[in-house]
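# A closer look at the structure
Below, each chain spelled out in residue letters.
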Amino acid sequence: MNRYARIFGQYLLVVAAAVVLNFALPRLAPGGPIEYLAPPADGTVSEVEREEILARYDLEGSTGDQFVSYMENLVNGDLGTSIRESRPVVEVIGDRVLWSLLLVGTAVIVSSVLGVMLGFAAGWRRGSRRDASILSGVLAVDALPAFFVGLMLLLVFSVKLGWFPVYGAVSAEEMDGFARVLDIGRRLVLPATTLTLVGLGSVFVVARSAMISETGEDYVFMARAKGLDEKGVRRHARRNALLPVSTVSLLGFSTLVGTATIVETVFSYPGLGSLGFAAVRSRDYPLLQGVFILFALVAIAVNLANDLLYPLLDPRVRQAGSSENDS
Amino acid sequence: MLLTLFGAAVLADVISSHPPDKASGLPYARPSSEHWLGTDDLGRDLWAQLVHGARLTLAVGLVAAISATIIGTMVALIAGWRGGWVDAVLMRIVDLTLSIPFLVLILVLASYFGRGAIVTTVLLVGVLWARPARLLRSQVLKLREFGHVIAADAMGASHPRILVRHVLHRLVPLLLSQFVRAAAVAVLVQSGVAFLGLGDPDRVSWGTTLFFANNGSAVLTDAWLWWIVPPGVALTLLIVGLAFIGLVFEEIADPGITSHGWRPAVRRVLEDAEDVPRDPSLALDIRNFSVDYDMTRVVRGVDLAVTRGRVFGLVGESGSGKSSLALGVLGLLPTGGRVIGGAAFLDDVDLRRLGRVRLSKMRGRELAVIPQAAMSLLDPTMTILRQVQESTELTADKRTAKTRATEMLERVGIPRNRHGSFPHELSGGQRQRVVIAMAVANQPKLLIADEPTTGLDVITQQEILALLEELRVELSLDILIISHDLPLIAAVADDISIMYAGQVIESGATAEVLATPRHPYTRLLVAAMPSLDGPPRAAEPIPGDAPDPSERTNGCSFAPRCPSAEPRCSETAPTLEPSPNQGSQPRAVACHVTDDSVVEVRIR
Amino acid sequence: MTPAVNFTDVQVSYGGRRRRARVDALTDINLEIASGERVAVVGRSGAGKSTIAKLACGLTQPTSGSVRVFGTEMADTSRAELRRLRHRMHLIFQDPYQSLHPGLRVGEIVNEPIAIARGPRASGTHVFDALSRVGLTPAEQFAHRSPATLSGGQRQRVAIARALVAQPELILADEPTSMLDASLRATIANMLLELQAEGHAALIFITHDLALARQVADRIVVLSEGRIVEDRPTEDLLSEPEHPETRKLLAAARHEPKETST
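In this text, all values refer to a predicted model and were calculated from it rather than measured experimentally.

Helix and strand counts for chain C stand at 10 helices and 10 strands. Relative to the globule expectation of 18 Å for 262 residues, the C-alpha radius of gyration of chain C, 19 Å, shows essentially globular dimensions. Of the contacts made within chain C by residues no fewer than 6 positions apart, 68% connect residues no fewer than 24 positions apart.

It is worth spelling out the overall build of chain A at this point. The number of helices and strands found in chain A is 13 helices and 0 strands. Sequence-ordered secondary structure for chain A, helices as α and strands as β, is α-α-α-α-α-α-α-α-α-α-α-α-α. Taking all 327 residues of chain A together, 40% fall into the buried category. Long-range pairs, those at least 24 residues apart, make up 70% of the contacts in chain A between residues at least 6 apart in sequence.

As a further point, take the interface of chain B and chain C. Listed by partner, the interface residues are 51 residues for chain B and 53 residues for chain C. The element best represented in the side of chain B that touches chain C is helix H8 (residues 147-154) of chain B, accounting for 7 residues. Grouping the constituent residues of the side of chain B that touches chain C by class yields 27 nonpolar, 14 polar and 10 charged.

What follows concerns the packing of helix H7 (residues 146-160) of chain A against helix H8 (residues 177-215) of chain A. Residue and element names in this part refer to chain A. Closest axis-to-axis distance for the H7/H8 pair is 9 Å, and the angle between their directions is 145 degrees. Every pair of crossing elements has a handedness; the one defined by H7 and H8 is right-handed. Mapping the contact onto sequence places Ala-146, Val-149, Gly-150, Leu-153, Leu-154, Phe-157 and Ser-158 in H7 and Leu-190, Thr-193, Thr-194, Leu-197 and Val-198 in H8. Split into classes, the residues belonging to the contact of H7 with H8 amount to 8 nonpolar, 4 polar and no charged.

A separate point is the sheet that holds strand S1 (residues 5-12) of chain C. In a beta sheet, neighbouring strands are held together by backbone hydrogen bonds and run either parallel or antiparallel to one another. Residues and elements named next belong to chain C. Read from one edge to the other, the open sheet built from 4 strands follows the order S2-S1-S4-S5, with strand pairing classed as antiparallel. Looking at which strands have only one partner, the edges of the open sheet turn out to be strand S2 (26-33) and strand S5 (72-73). Summarising the sheet, S1 and S2 pair through 5 bridges and their orientation is antiparallel. The residue of S2 that forms the bridge with Val-5 is Ile-33.

With that settled, the discussion passes to the interface of chain A and chain B. On the side of chain B, 60 residues touch chain A, which itself brings 64 residues to the contact. Ranked by residue count, the leading element in the side of chain A that touches chain B is helix H10 (residues 230-266) of chain A, at 14 residues. Each residue belonging to the side of chain A that touches chain B can be placed in one class, and the counts come to 35 nonpolar, 18 polar and 11 charged.

All names here are of chain B. Axis separation between helix H15 (residues 384-392) and helix H17 (residues 428-440) bottoms out at 8 Å; the angle between their running directions is 20 degrees. The angle between H15 and H17 places the two elements in the roughly parallel class. In this structure, the crossing between H15 and H17 has a hand that is right-handed. In this structure, H15 contributes Ile-384, Gln-387, Val-388 and Ser-391 to the contact, and H17 contributes Val-434, Ala-437 and Met-438. In the contact of H15 with H17, the residues fall into 5 nonpolar, 2 polar and no charged.

This next bit is on the sheet that holds strand S7 (residues 170-174) of chain C. Residues and elements named next belong to chain C. The 6 strands lie next to each other as S6-S7-S8-S3-S9-S10, forming an open sheet whose pairing is mixed. One side of each edge strand has no neighbouring strand; the edge strands of this open sheet are strand S6 (89-92) and strand S10 (227-233). Along the sheet, successive strands turn relative to each other by an average axial angle of 15 degrees, direction set aside. In this structure, strand S9 (residues 219-224) lies alongside S10, joined through 6 bridges in antiparallel fashion. Directly across from Ser-224, in S10, lies its bridge partner Arg-227.

This part takes up the pairing of strand S8 (residues 202-207) of chain C. Residue and element names in this part refer to chain C. By the criterion of burial, S8 is predominantly enclosed, with 6 of the 6 residues buried. By the alternation rule, side chains of S8 split into Ala-202, Ile-204 and Ile-206 and Leu-203, Phe-205 and Thr-207, which are all buried. Pairing of strand S3 (residues 38-42) with S8, which is carried by 5 bridges, proceeds in the parallel orientation. In the sheet register, Arg-38 faces S8, and the bridge partner there is Leu-203. Inspection of the sheet shows S7 paired to S8 by 5 bridges, in the parallel sense.

Residue and element names in this part refer to chain C. Of all the positions in helix H4 (residues 126-133), only Val-127, Ala-130 and Leu-131 are classed as buried. Within H4, the buried residues cover an arc of 100 degrees as seen down the axis, which keeps them to one side. Packed against the buried residues of H4 are helix H3 (106-118), helix H5 (139-143) and helix H6 (152-166).

Let us look at the nonpolar core. The biggest cluster of nonpolar side chains holds 333 residues, and the ones touching the most others in it are Leu-128 and Ala-186 of chain B together with Leu-172 and Ile-204 of chain C. Looking at which element gives the most residues to this core, the answer is helix H9 (residues 159-198) of chain B, with 19 residues. With residues up to four places along the chain from it excluded, the contact list for Leu-128 of chain B reads Ala-64, Ala-65, Ala-68, Ala-182, Val-185 and Ala-186 of chain B.

Residues and elements named next belong to chain C. On S6, burial covers both faces: Met-89 and Leu-91 on one face and His-90 and Ile-92 on the other are all buried. In terms of strand pairing, S6 meets S7 through 4 bridges, oriented parallel. Across the sheet, the residue bridging to Met-89 is Leu-170, located in S7.

Residues and elements named next belong to chain B. Within the secondary structure, Val-89 is located in helix H4 (residues 84-99). For Val-89, a count of 12 C-beta atoms within 10 Å translates into the label exposed. Considered as a pair, Val-89 and Ala-79 are 10 residues apart in the sequence and their alpha carbons are 8.7 Å apart.

Another point: the confidence of the model for chain A. Residue and element names in this part refer to chain A. Model confidence for chain A is summarised by a mean pLDDT of 77, while 81% of its residues fall at 70 or above. The least confident element of chain A, judged by mean pLDDT, is helix H2 (residues 33-37) at 58; the most confident is helix H9 (residues 218-225) at 90. Contacts for the low-pLDDT stretch residues 320-327, under 50 throughout, to residues beyond four places or in other chains number 4 contacts.

We now examine the confidence of the model for chain C. The predicted model of chain C averages 85 in pLDDT, with 91% of residues at 70 or higher. The secondary-structure element of chain C with the lowest mean pLDDT is helix H7 (residues 182-198) of chain C, recorded at 85, while S3 of chain C shows the highest, at 95.

Turning our attention to unusual backbone geometry. With an omega dihedral of -5 degrees, the bond running from Thr-137 of chain C to Pro-138 of chain C counts as a cis peptide bond. If you check the backbone angles, Ser-268 of chain A has positive phi at about 45 degrees while not being a glycine. Counting through the fold element by element, Ser-268 of chain A comes out in the loop between H10 and helix H11 (272-281).

Turning our attention to the environment of Val-167 of chain B. Residues and elements named next belong to chain B. Along the polypeptide, Val-167 turns up in helix H9. In this structure the C-alpha to C-alpha distance between Val-167 and His-424, which are 257 residues apart in sequence, comes to 28 Å. Leaving out residues up to four positions away in the same chain, Val-167 has contacts with Leu-77, Val-140, Leu-143, Val-149 and Ile-162.

Here is what the cut-offs are and how they apply
Residues numbered from 1 in each chain as written. Chains lettered and ligands numbered in written order. Predicted model: local features only at pLDDT ≥ 70, side-chain atom pairs only at ≥ 80, totals over all residues. Helix = DSSP H or I, 4+ residues; strand = E, 2+ residues; numbered from the N terminus. Rg over C-alpha atoms; globule rule 2.2 N^0.38 Å. Contact = placed C-beta atoms within 7 Å. Buried ≥ 20, exposed ≤ 12 C-beta atoms within 10 Å, placed from the backbone. Nonpolar A, V, L, I, M, F, W, Y, C, P; charged D, E, K, R; others polar. Axes fitted to C-alpha atoms, helices over the stretch in contact; angles between N-to-C directions. Left-handed = near helix turned anticlockwise from the far one by under 90°. Pairing = 2+ DSSP bridges. Parallel < 35°, antiparallel > 145°, perpendicular 65-115°, else oblique. Arc of directions from axis to C-beta. Core = buried A, V, L, I, M, F, W, Y, C linked by C-beta atoms within 7 Å. pLDDT = per-residue confidence, 0-100.

Structure (structure tokens):
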């Protein structure tokens, strides 16, 4: 109980920091939003217009007042109005969230499963031919920059072969039921493949080295000594090797969320990454702030999940932080 | 490969004649002698972009990686060394930094703070330091508990000295691999940002080239071949190169003492075991057994016979080959170990002639073992009952197996309410009891116990030995017990063999061997046994050290340390010959000098 | 003369909030060890033996009570003062595989006490002397080897050579022979005694084996569950053990031989 209370306390602090940072960053930046949105009256914009703009984006009054209204809006779920699209940021983000989840979720799941399988297969017999070939294969794939993979896949499969649509997550025309699902699936293949290939490496490397270190453990030797067959022995090694992997694939989630920006741009996929990117390019500060706070919360949630899940997997941590036995 | 890339970056002005950022030809020109890779949509030379781009890409990567590694290392040292709340706070920050979708963060920050190369580098450092910090810190935590670090502290060394000489020194390989990895990530992210059009607007990098390619619709024309592929391939090669360098450093950092036998001993050199009639009174009959370890002979033609109903003790110092012998018989030699010759009969079955699979089917059923290092033999993620049940399931269905596992655990003295415990919740003695329960779960014929009490205190040792003796009687086990501890073996074994440098040098009934040791080594061992009775006397050490197994001489391996060595001892090696005995058990000694005295006794 | 080590009402408890009491906690420890005295601290694992050594060199602080070393109260010392105190003592570990820095040469390791006490440049022929005295000859050759190439026994000799160079007035030996083979135990024990006699140092020898304790100590302190249950001259204690824990330890160390079944 105590442990959980402490963890939640810590995370509350972090959330508070993220919220403050989100408020402060644009105001600290040189040539911040105010100059951009509402340049000092110089003829093109009148004093009245300037006031109006400032009011619209909650930029009037002292910094303290601004912070108060920022917090009020935040608590009410109001993230302001997007400049680019002239509608509430919440709405703009809402349109994209599901697509992002679909893309990143698919990639995380596939790359974790594949990475763990390959990593365990390679690490079980370190230095064997199988290990060497899997290792060099995955490292080579991992080295490919996301945009390069994306461009090449796009080029080969969409442009040259015409197997998959070039862009978008769903076609504009109305479709019903199954056809729609199929269409979404078809458009998901290339971006998700790109993202999976990019995310594969980190999971693989951790899975492999975890497996390597477990195969050297005495309990694996004991499993063999007590007469288990190779399948049984592997089961022991796998259970333990999964512990470090779980952390990495959770952390990998947020890395992929970031990389998705690139992939979404290449494939013109309507996710949050490309939205953030668009916000950056068009200097849509309210939208940018909205995206930033969302990503920050995702990162924090992932961490929290890791902190809460890990003890369930490892009995040694479960016992209220009992320290390792020496002697 | 990497050198070529660096060379191109340095010599960019020499090897490309066109400016990278100004039009020098027609747009969309195909490769020609003038423009090696053609031009882009604005007529800029792509070859020039490639070699000039290498500069910025590499510079940003290197600077960011170096700074990030330095910062990460410092954080790791401070957090790992200070521990406590400093550690907790720093690691929380590290975890969060790690879980930030950093590409997004960089995009956001770049939009606030500008998009120059310097800003990008600073931002990169801001996210890249966390990974090395986390990894190095866990190493620092481990190192802090290492003997030599504590020793330095206890000798009064200053903290900076300990950190630099004892901690940092040992982190170097890991540090390098982390540096290389950071460089790779830095290059990737930097070009990713540039690809999105947020790179330094004043300079050329590979990412910007690709950005223009993506926006200039290269994909839809044939221009992609010389526009997209070259920088993409260059980037990939750079990252692959870095990844492999990183891998090399990682292997250095963690040479991973090769795992316990993923490849059971190869049995290629199988010479015919002599068909000596089998003696039915023997539980285990090992003949002329030899084991090699990475081309070094560690067990040299050992004969050993465990008589039914008697406990057999095998004594030797570490490195004498006693454990290799046992593991060889069991088919559990680690990588590099291999049985070279000989036979090991359990009843009428030569274990050496069984295939790998059939031998593994014997283990845990007819043939059981209590391996060394009992403290870590149990799977930390499984309850002890489940682990014992894994053993009983080898011969019974699930339900019976569970009942029997419960009974076994109770039999070895673990009360029922602890059966759901995980290994770390048990004391060393209790863990050893669980291992024993697993070993005897299926009523094996023979139990090989390799150093079953090492690491336990004397009282627990005594309890474990008593338990083994009870189980021996109850389950009519035959036991081969292996230890470096002569007094311990003397107390439990009926028969004894003493190994030195891969050979048995004396064997016989324990009482006889201890009363009248014939080999000089045995004599010295017996003399060195500390005693609690009689007048206090100084311990008599054996001079010198055991020989290095890779440096074998022709003569007796004990000759250099032997007080009664003669010239012939260093010329020919004595073999294990029968020696006069009193009881029913045969005796044997391998010594030239003792042979003579025995012969003399006979003549008189 | 001030005793080398003086424990008064020492209590050590770990992790007060936790339900499961940690091992190695000490209660009401009163112990005085004079210069030149050889004391064995004996007990089963978890009795708190190692904590005594850690307290003596300031690696652990008592929860209450006072630990004085060479007359200095350990709780009040500054880091600099503590380091000067530590130059006068030497700790020898159980595990020779861990206690030597694998990245240094044997010569550098043996020279460390000098380098630490008098600056990194200080060194001399004493390194070779010490190596020869522990039987690592030719010393010049051993000085250039890396610890990874040595056997367990040789490593523990290096540790003793390092102690010889340190010329300590207080030797803390934490089960220095428990990982070694029978034939090496006597060797290492004898070398320790030589080291102790040379500097007329106080020796605290930690072990669970009374037979070994008898070889090195003239006084034995028996610990049980963090308390001193017996503290007497060696031969007295061995001939007339009073406390049941001592009797148990004695019986176990004797390995009461079993009746041979024939």
